[in-house]
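Here are the chains, one letter per residue:
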Number of protein chains: 2
Amino acid sequence: MQAVILAAGLGSRLGLNRTGYPKGLLRVAGRELLLRHLLLLSRYGVTEFVLVVNPRSRSHFEVFLARHPGYRVTLVENPYPERGNGYSLWCARSAVKGPFVLTMSDHLYEEKFVARAISGRGLILDREGRYVEPTEATKVKLQDGRVREIGKDLTEFDGFDTGFFILTPEVFETAEKVVAGREEVTLSEIVKEAALPVTEVSGLYWTDVDTPEDLRRAERELVSASVKGAGDGWVSRYLNRRLSTALSPYLCGRLSPNQATTLSFFLGLLSALVAWFNTALGGFLYQVHSVLDGVDGEIARATLQQSRFGGLLDSVLDRYVDFIFLSVLLLKVRPEGLGLLVALLALLGTVMVSYVTERFKGAYGREAYGTFPVLHYFPGKRDERIFLTFIFCLFGWLETLFPVLALLTQGKVLFTLAVFWKGRRWLEP
Amino acid sequence: MQAVILAAGLGSRLGLNRTGYPKGLLRVAGRELLLRHLLLLSRYGVTEFVLVVNPRSRSHFEVFLARHPGYRVTLVENPYPERGNGYSLWCARSAVKGPFVLTMSDHLYEEKFVARAISGRGLILDREGRYVEPTEATKVKLQDGRVREIGKDLTEFDGFDTGFFILTPEVFETAEKVVAGREEVTLSEIVKEAALPVTEVSGLYWTDVDTPEDLRRAERELVSASVKGAGDGWVSRYLNRRLSTALSPYLCGRLSPNQATTLSFFLGLLSALVAWFNTALGGFLYQVHSVLDGVDGEIARATLQQSRFGGLLDSVLDRYVDFIFLSVLLLKVRPEGLGLLVALLALLGTVMVSYVTERFKGAYGREAYGTFPVLHYFPGKRDERIFLTFIFCLFGWLETLFPVLALLTQGKVLFTLAVFWKGRRWLEP
């Protein structure tokens, strides 16, 4: 499949006008908007790109493409960019061979949006517009599932134009008529004239970037939209994620996900070391580590750098940090006999809570929490355990911590196994 | 797809002749031969069975089928079973509607055999005959990829007839001619007359059961063929499996896999308890537990009762046994300071060796050892750790055990992560 990306606009509201620097090459979350398009569209089957550019910005794109030689991109100039983005589409006609994706270089989509939109048809419509500024957005009015009216000033409308289209070359026949008739041609005019069919993709993150404020806002929203959630406990939802999603936008592009993982790991080790000398301070650093533990995944997803290895490394290092932190507390408390056994069960439990769900995923190839949402109701996820440990450290209740953790974690393991047991027949092939 | 199973033979060599009890209902590894056919063929797309029986055994089959109502089976009588198994095939003609599997009720196949044979064509040929008694087996001589000669007495031959065929209804036209010409008709005569094409499936386990010795031998071989191997270390290969595969045939049908898992778990717990009073004896029981730990999987695979939940439960319980056994040793040794930290790292290591490979499977959906065979070279698998622990317990070297285990297991975790890291680019999609 091909994709046509319109990039001939000059970004006057972003103050790029005079330099000829194109909007598509602005960085959001450490990556050029255009690179996001190339990355995401490639992941979903686009193998060839047609980039319609302004002659004044051509050299900027050439520099960019030389740095990313893995993509097959044809540059097409729009000699009259002032004639509008409809004219830009028209310029791409001879480079297009079959059905194609059409999108805008200054638009930004989360991965799930592209995954769903790519199998659609016509204009991709967002009925909810959850992330949309209604006064700025282009609205669409439908009739019989096709575009009837489109524009920024519609008062009655069915949804928002996401700037993402799945088209066939027939659209150029309509474009030819529209272009022949007037000087300035917006894409909307062609879309309306062609009465494009519509596919709904609602509730997912997309935006366009017009002003410097848009850029900053997009970074924040991209990080928020990237929170996975499935593995998050209560503490994470109401405390950790609020802090980490405020921090991550500043780190996107400055820190790689694996660097964030490593930093967080060393902070965890440091917290264990500090706990040896000062339990309360160590516990506090442990909780800070817990907040930072979310950053690597947020950065990875926001900058499209997720890797399975990164997730694996993060999990393994988390098990080490937990075990080592609790080991230091155990060395301080020096329980004897039964007390030691209970403490050891608490240590084992912190690893096993994760082991059982990971083993489940290995066996069945699906997420345990996604398959059995009831698992959420039993507390004992990592964020919750760490917060509990932090509180107990703060008050110096170390002797009580181990029995509580042992009960919590071993209870969660038992509960999880019972849920798997109940669901086993349903799951076997 | 349909399957025709010939079950009209009377098993005279098994002494079943007088009672009319059919060979297909003999139990091997706790399951009737016929039930194995129904189970395995269903797994690979057969939805309808045609069972050709001797009028004298019909009632036995009816009792059996009433106990297994989940299968669609048509009983067809061969009124003249003495006319041979070729005549039995002929009797099935009106019940067959399209391409079908043909096999014998007294034959036995491991699952992989069926998985491969089912997509073949004509006679399934075993060129190697690894498990075959050459004097007893039916041999096949080919010409241009088709059967030219077939019989027990061929001196020159290309492989063995496995008693498994993928046929089309055209075979009945040949059968009609052969049946019309003579009184006794073997299947081999029809196969030769039809000059069936041949598909090779070699090196996998299959056998037929003629004598009581065959029955016992089949149980042993089925268990041996069921050893997975991928997770086995040196101790398992050269000691544990030799013992467990000698034991498992007696337990098949008497003990369910989950019962075997539970028994082995309690023996593990018992070994930890005993170790508190007598380290050497506890260590010995721990090693016995390690041998029995293989039995559940062997029973499960030999009796076609594998379940993902069973595998999961087995893994989780293994982690508990290891951690608890070592905890008891730790309570006995009562190391202080650094010694305690090292002991704790040994405890963590025993869990993490398994955690990293399970996490890998969860992330990539493939076996770590199968993907990176180099992982086999670093010792530290469960069977090896337990044997080492047993030896150290025997000699009372408990203080030395923890540093050795800590180095071994943490080294293995690091090595495994390094292997994953090196292969990460190759694995990402």
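Residues numbered from 1 in each chain as written. Chains lettered and ligands numbered in written order. Predicted model: local features only at pLDDT ≥ 70, side-chain atom pairs only at ≥ 80, totals over all residues. Heavy atoms only, no water.

**Observations concerning the overall build of chain A**
Logical step 1: On a plain count of helices and strands, chain A comes out with 16 helices and 13 strands.
Logical step 2: Reported as C-alpha extents along the three principal axes, the dimensions of chain A are approximately 90 × 50 × 40 Å.
Logical step 3: Of the accessible surface of chain A, which amounts to about 18500 Å², a share of 56% is contributed by carbon and sulfur atoms.
Logical step 4: Distance between charge centres in chain A, computed from 50 positive and 46 negative side chains, equals 5 Å. (Helix = DSSP H or I, 4+ residues; strand = E, 2+ residues; numbered from the N terminus. Areas by Shrake-Rupley, 256 points an atom, 1.4 Å probe, with all protein chains shown as cover. Lys, Arg positive; Asp, Glu negative; His and termini not counted. Charge placed at Lys NZ, Arg CZ, Asp CG, Glu CD.)

**Let's talk about the environment of alanine 272 of chain B**
Residue and element names in this part refer to chain B.
Logical step 1: You can see alanine 272 is positioned in helix H9 (residues 257–277).
Logical step 2: Residues alanine 272 and phenylalanine 390, spaced 118 residues apart in sequence, show a C-alpha to C-alpha distance of 12 Å.
Logical step 3: Setting aside residues up to four positions removed in sequence, alanine 272 forms contacts with Ile324, Phe325 and Val328. (Contact = heavy atoms within 4.5 Å.)

**Some words on helix H15 (residues 382–395) of chain A**
All names here are of chain A.
Logical step 1: Here H15 spans 20 Å end to end across 14 residues, near enough to the 20 Å set by a 1.5 Å rise per residue.
Logical step 2: Those residues of H15 that sit buried are Arg382, Asp383, Glu384, Arg385, Ile386, Thr389, Phe390, Phe392 and Cys393.
Logical step 3: In this structure, the buried residues of H15 make contact with helix H8 (234–251), helix H10 (279–292), helix H12 (308–333), helix H13 (337–364) and helix H16 (398–427).
Logical step 4: Glycine 396 lies just past H15 and shows a positive phi near 75°. (Expected span 1.5 Å × (residues − 1). Buried < 20%, exposed > 50% of the residue type's maximum accessible area, 1.4 Å probe, protein only.)

**Structural notes on the domain arrangement of chain A**
Residues and elements named next belong to chain A.
Logical step 1: By domain assignment, chain A separates into domain 1 (2–221) and domain 2 (228–427).
Logical step 2: Between domain 1 and domain 2, the C-alpha centre-to-centre distance is 42 Å.
Logical step 3: Between domain 1 and domain 2, the contact holds ten residues from the first and eight residues from the second.
Logical step 4: Summed over both sides, the interface between domain 1 and domain 2 buries roughly 750 Å², with carbon and sulfur atoms accounting for 53% of that surface.
Logical step 5: For domain 1, the biggest contributors to the area lost against domain 2 are Ala29, Arg31 and Arg36; these three give 48% of the whole. (Domains from an automatic or database assignment. Buried area = accessible area lost by both parts, 1.4 Å probe.)

**Some remarks on the packing of helix H9 (residues 257–277) of chain A against helix H11 (residues 295–302) of chain A**
Residue and element names in this part refer to chain A.
Logical step 1: With their axes 8 Å apart at the nearest point, H9 and H11 run at an angle of 175° to one another. The pairing of H9 with H11 is recorded here as roughly antiparallel in orientation. In contact with Pro257, Ala260 and Thr261 of H9, H11 contributes Val295, Asp296, Ile299 and Ala300.
Logical step 2: Residues of the contact of H9 with H11, tallied by class, amount to five nonpolar, one polar and one charged. (Axes fitted to C-alpha atoms, helices over the stretch in contact; angles between N-to-C directions. Parallel < 35°, antiparallel > 145°, perpendicular 65-115°, else oblique. Nonpolar A, V, L, I, M, F, W, Y, C, P; charged D, E, K, R; others polar.)

**Quick word on the relation of the copies chain B and chain A**
Logical step 1: Laying chain B over chain A is done by rotating through 180° and shifting 0.1 Å along the axis; what remains is an RMSD of 0.1 Å. The transformation just described matches what one would write down for a two-fold rotation axis. When C-alpha distances to the rotation axis are compared across chain B, the minimum falls at glycine 362 of chain B, with a value of 2.0 Å.
Logical step 2: A shared binding surface is used by both copies, with 100% of the interface residues of chain B retained as interface residues in chain A. (Least-squares fit on C-alpha atoms with pLDDT ≥ 70 in both.)

**Observations concerning the packing of H15 of chain A against H16 of chain A**
Residues and elements named next belong to chain A.
Logical step 1: Orientation of H15 relative to H16, taken along the N-to-C sense of each, is 165°, at an axis distance of 9 Å. For the element pair H15 / H16, the angle class is roughly antiparallel. As H15 runs across H16, the sense of the crossing is right-handed. Where H15 abuts H16, its residues Arg385, Leu388, Thr389, Phe392 and Cys393 lie against Leu398, Thr400, Leu401, Val404, Leu405, Leu408 and Thr409. (Left-handed = near helix turned anticlockwise from the far one by under 90°.)

**Digging into H16 of chain A**
Logical step 1: The end-to-end C-alpha distance of H16 of chain A, which contains 30 residues, comes to 41 Å, matching closely the 44 Å that a straight helix rising 1.5 Å per residue would cover.
Logical step 2: At tryptophan 421 of chain A, H16 of chain A is bent by approximately 30°, the largest bend along its length. (Bend = angle between axes of the 7 residues up to and from the residue.)

**Overview of unusual backbone geometry**
Logical step 1: Positive phi, close to 45°, is recorded for arginine 334 of chain A, a residue that is not glycine.
Logical step 2: In this structure, alanine 29 of chain B takes a positive phi of about 50° despite not being glycine.
Logical step 3: When you line up the elements, alanine 29 of chain B lands in the loop between strand E2 (27–28) and strand E3 (31–32).
Logical step 4: In this structure alanine 29 of chain B comes out as buried when scored by relative accessible area, which is 1%.

**Section: the interface of chain B and chain A**
Logical step 1: The interface is formed by 42 residues belonging to chain B together with 42 residues belonging to chain A.
Logical step 2: When the buried surface of chain B facing chain A is broken down by residue, Arg308, Phe309 and Tyr355 of chain B rank first, second and third, together holding 17% of it.
Logical step 3: One can count four salt bridges joining chain B with chain A.
Logical step 4: One salt bridge in this structure joins glutamate 358 of chain A and arginine 359 of chain B, with 3.2 Å as the shortest N-O distance.
Logical step 5: Applying the counting criterion to the chain B and chain A interface returns 20 residue pairs in polar contact (both at pLDDT 80 or more). (Salt bridge = Lys/Arg side-chain N within 4 Å of Asp/Glu carboxyl O. Polar contact = N/O pair within 3.5 Å; in protein donor to acceptor, adjacent residues only side chain to side chain.)

**Points about the side chain of aspartate 293 of chain A**
Logical step 1: In this structure, aspartate 293 of chain A sits in the loop between H10 and H11.
Logical step 2: With residues up to four places along the chain from it excluded, the contact list for aspartate 293 of chain A reads Ser264, Asp314, Asp318 and Arg382 of chain A.

**Concerning the confidence of the model for chain A**
Logical step 1: Mean pLDDT over chain A: 93, with 97% of residues reaching 70 or higher.
Logical step 2: Two numbers describe this predicted complex: its pTM, 0.87, and its ipTM, 0.86. (pLDDT = per-residue confidence, 0-100.)

**Details of the environment of aspartate 214 of chain B**
All names here are of chain B.
Logical step 1: Mapped onto the elements, aspartate 214 comes out in helix H7 (residues 212–225).
Logical step 2: Residue classification places aspartate 214 among the buried residues on the basis of a relative accessible area of 14%.
Logical step 3: Through-space distance from the C-alpha of aspartate 214 to that of valine 28 is 9.9 Å; in sequence the pair is 186 residues apart.
Logical step 4: Discounting chain neighbours no more than four positions away, the residues touching aspartate 214 are Asp208 and Val209.
Logical step 5: A distance of 3.0 Å separates a polar atom in the side chain of aspartate 214 from a polar atom in the side chain of arginine 217.

**Focus: a nonpolar patch on the surface**
Logical step 1: On the surface, Leu270, Leu273, Trp276 and Phe277 of chain A cluster together into a nonpolar patch covering about 470 Å² of accessible area.
Logical step 2: Residue classification places leucine 273 of chain A among the exposed residues on the basis of a relative accessible area of 54%. (Patch = residues over 30% accessible without salt bridge, like charges linked within 9 Å, V, L, I, M, F, W, Y side chains within 5 Å.)

**Concerning the environment of aspartate 293 of chain A**
Residue and element names in this part refer to chain A.
Logical step 1: Aspartate 293 gets classed as buried once you look at its relative accessible area, which sits at 13%.
Logical step 2: For the pair aspartate 293 and serine 244, spaced 49 residues apart in sequence, the C-alpha to C-alpha distance is 8.5 Å.
Logical step 3: Of the polar contacts made by the side chain of aspartate 293, one reaches the side chain of arginine 382; its length is 3.0 Å.

**Comments concerning the pattern of salt bridges**
All names here are of chain A.
Logical step 1: Summed over the entire model, instances satisfying the criterion amount to 56 salt bridges over all chains.
Logical step 2: Measuring nitrogen to oxygen at the nearest pair gives 3.6 Å for the salt bridge that ties glutamate 48 to arginine 72. With a gap of 24 residues between them, glutamate 48 in strand E4 (residues 48–53) and arginine 72 in the loop between helix H2 (58–67) and strand E5 (73–77) connect regions that are remote in the sequence.
Logical step 3: Close ionic contact of glutamate 298 with arginine 241 constitutes a salt bridge, the shortest N to O distance being 2.7 Å. You can see glutamate 298 sitting in helix H11 and its partner arginine 241 sitting in helix H8, a full 57 residues away along the chain. Note on accessibility: glutamate 298 and arginine 241 belong to one class, buried.

**Things to note about the packing of aromatic side chains**
Logical step 1: If you walk through the whole model with that rule in mind, you get 45 aromatic pairs over all chains.
Logical step 2: Look at phenylalanine 360 of chain A and tyrosine 364 of chain A: their rings are 4.7 Å apart centre to centre, the planes differ by 35°, and that puts the pair in the tilted class. Remark: tyrosine 364 of chain A and phenylalanine 360 of chain A occur in helix H13; sequence separation between them is four residues, near one turn of the helix. In terms of burial, phenylalanine 360 of chain A and tyrosine 364 of chain A fall into one category: buried.
Logical step 3: On the basis of an interplanar angle of 65° and a centroid distance of 5.9 Å, the ring pair of phenylalanine 387 of chain B and phenylalanine 390 of chain B is categorised as edge-to-face. Taken together, the residues phenylalanine 387 of chain B and phenylalanine 390 of chain B, both in helix H15 (residues 382–395) and three residues apart, mark about one turn of the helix. (Phe/Tyr/Trp six-rings, centres within 6.5 Å; stacked < 30°, edge-to-face > 60°.)

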